Amino acid sequence: LDIRALRFEEAKRQLAEAFEMSTLSRGVISELLIEARRGEAEQLYQRGRDLEVQGKKQEALLLFDAVAKEWPDGLRDEEARRTALRVDIEGAQREWDAAIAAEATGDLEQAIEHYLSAERFYEKWRDGELQAQRLRAVIDTRRAQAERSEAPAGDAATGSAPGT
């Protein structure tokens, strides 16, 4: 009943006790222990899928790693999911690092592209869009300052050009 009620820890404890006490039913008990282990892994897998759908890739990867540890030959498609999640996480990290490097060298346009690319790899990881907005504001401020400094000097009170 504990297996059906998804109380896998309790089911495994009771089955282990029964296994120790029995000699004739050990085959059946072993099968039930495997069923309890599989049910527990299925729960982890489903929680991982839920997190993956929510965009929480790092948390999902941790759960899929736990499933893979318990079921090295595979439970479902967790190995493919682990690979895809790692690609996204590593891609986001690479792009984030490139954005920081571009920003450090003053290439703000390139930094924006890298922040947005990191966002595409892993939207819920860090706020790449916020960083891009921050840099766009810096670029706009610099452009406005450059335009003001390039404008011909005129009458400061009226803003008119000399000789008008």
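Treat the numbers as computed from the prediction; the structure is a model and nothing was measured.

1. Quick notes on the packing of aromatic side chains
Next, step 1: Going through the model one piece at a time under the given rule, you end up with four aromatic pairs.
Next, step 2: Judged by centre distance (6.1 Å) and plane angle (15°), the rings of Y122 and W125 are stacked.
Next, step 3: Between R37 and the ring centre of W71, over which it is positioned, the NZ or CZ distance is 4.7 Å.
Next, step 4: It is R38 that lies over the ring of W71; its NZ or CZ is 4.7 Å from the centre.

2. Quick look at helix α6 (residues 128-150)
Next, step 1: Counted at 1.5 Å a residue, the expected span for α6 with its 23 residues is 33 Å, and the 33 Å between its end C-alpha atoms agrees.
Next, step 2: Taken as a whole, α6 has its buried residues at G128, A132, L135 and I139.
Next, step 3: Packed against the buried residues of α6 are α4 (78-104) and α5 (108-121).

3. Section: the packing of α4 against α5
Next, step 1: Between α4 and α5, whose axes approach to 8 Å, the crossing angle comes to 165°. Classed by the angle they form, the pair α4 and α5 counts as roughly antiparallel. In this structure, the crossing between α4 and α5 has a hand that is left-handed. Between α4 and α5, the residues in contact are V87, D88, G91, A92, E95, W96, A98, A99, I100, A102 and E103 and L108, Q110, A111, H114, Y115, S117, A118 and F121, respectively.

The rules behind these values
Residues numbered from 1 in each chain as written. Predicted model: local features only at pLDDT ≥ 70, side-chain atom pairs only at ≥ 80, totals over all residues. Heavy atoms only, no water. Phe/Tyr/Trp six-rings, centres within 6.5 Å; stacked < 30°, edge-to-face > 60°. Lys NZ or Arg CZ within 6 Å of the ring centre and 35° of its normal. Helix = DSSP H or I, 4+ residues; strand = E, 2+ residues; numbered from the N terminus. Expected span 1.5 Å × (residues − 1). Buried < 20%, exposed > 50% of the residue type's maximum accessible area, 1.4 Å probe, protein only. Contact = heavy atoms within 4.5 Å. Axes fitted to C-alpha atoms, helices over the stretch in contact; angles between N-to-C directions. Parallel < 35°, antiparallel > 145°, perpendicular 65-115°, else oblique. Left-handed = near helix turned anticlockwise from the far one by under 90°.

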